[in-house]
Amino acid sequence: YDCIIFYRWFTMTQDGQQHSDRGLVMARAVADTLSRSFGITVWLDQYQMSRDATREQVLSGIHKAFLGVRYVIILAAPGDWDRFVNDDDIHRWEWEISLKSGKPVWVLQYDTKICPPNTAARSGGGGLLLRQLSLVRELLLFSNRLAELAFERKLEVRNLTAENFYTTLEEIAQIQELVSV
């Protein structure tokens, strides 16, 4: 597989309501678009294991897949980080192994206003740093460890919207193709 997608299965809407399918649907849309439009092989847990897999099976499957991929995509939506205060949270662990690795990490935020718009990146690169610092500031509210890891390395942070969905995934595909050559 070229990449793995990490996401929160159960996410919260902006009004604080749990919306269990949003993370699943967004992850599937990203994986399918990367695969069909750009020929990228994506490891996605919902395609590789069943919902009734044990915690140990999930962790083992993710760990094995993670070791073989070239880069990581993390989807982030409102409410996803609320459980980061729990050291046993699987999504927190996914963030941590990603941020500790040397693999390129793309954080794609959706339905959130945490980071400045992607257009800021076109003004000389300062927007990229601003988005990463905004992400670190928000992570501090939930996990000092993850915020520290996010601050210490280069991350590609983008806001994913209906308007830029395809072009953002195209950017990832093009940059990762250049890196792999």
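To be clear, the structure that these remarks concern was listed above.
Since we're looking at a predicted model, the values are computed, not measured.

Engineer: For the overall build of the protein chain, give the residues involved together with the corresponding values.
Structural biologist: Looking only at helices and strands, the protein chain features seven helices and seven strands. Secondary structure of the protein chain in N-to-C order comes out as β-β-β-α-β-α-α-β-α-β-α-α-β-α. At a minimum sequence separation of 6, the contacts of the protein chain that also span at least 24 residues come to 71%. Accessible area for the protein chain stands at about 9200 Å²; split by element, carbon and sulfur atoms hold 54% of it.

Engineer: Tell me about the nonpolar core, and please be specific about residues and values.
Structural biologist: I4, F6, W95, L135 and L139 are the most contacted members of the largest nonpolar core, which has 29 residues in total. For this core, the secondary-structure elements that each account for two or more residues are β1 (3-6), α3 (55-68), β5 (71-76), α4 (90-100), β6 (105-109), α5 (126-140) and α6 (144-152). Setting aside its immediate chain neighbours within four residues, L139 contacts W81, F84, W95, L146, A147 and A150. Grouped together as the second largest cluster of nonpolar side chains are 24 residues, A31, L34, V42 and L75 included.

Engineer: Summarise the side chain of S143; cite the residues concerned and give the values.
Structural biologist: Note on placement: S143 falls in the loop between α5 and α6. On the basis of relative accessibility, which here comes to 4%, the residue S143 falls in the buried class. Reaching out from S143, the side chain makes a polar contact with the backbone nitrogen of L146 at a distance of 3.1 Å. Those residues within four positions of S143 in sequence are excluded, and the remaining contacts are F84 and R92.

What counts, and where the lines are drawn
- Residues numbered from 1 in each chain as written.
- Predicted model: local features only at pLDDT ≥ 70, side-chain atom pairs only at ≥ 80, totals over all residues.
- Heavy atoms only, no water.
- Helix = DSSP H or I, 4+ residues; strand = E, 2+ residues; numbered from the N terminus.
- Contact = heavy atoms within 4.5 Å.
- Areas by Shrake-Rupley, 256 points an atom, 1.4 Å probe, with all protein chains shown as cover.
- Core = buried A, V, L, I, M, F, W, Y, C linked by side-chain atoms within 4.5 Å.
- Buried < 20%, exposed > 50% of the residue type's maximum accessible area, 1.4 Å probe, protein only.
- Polar contact = N/O pair within 3.5 Å; in protein donor to acceptor, adjacent residues only side chain to side chain.

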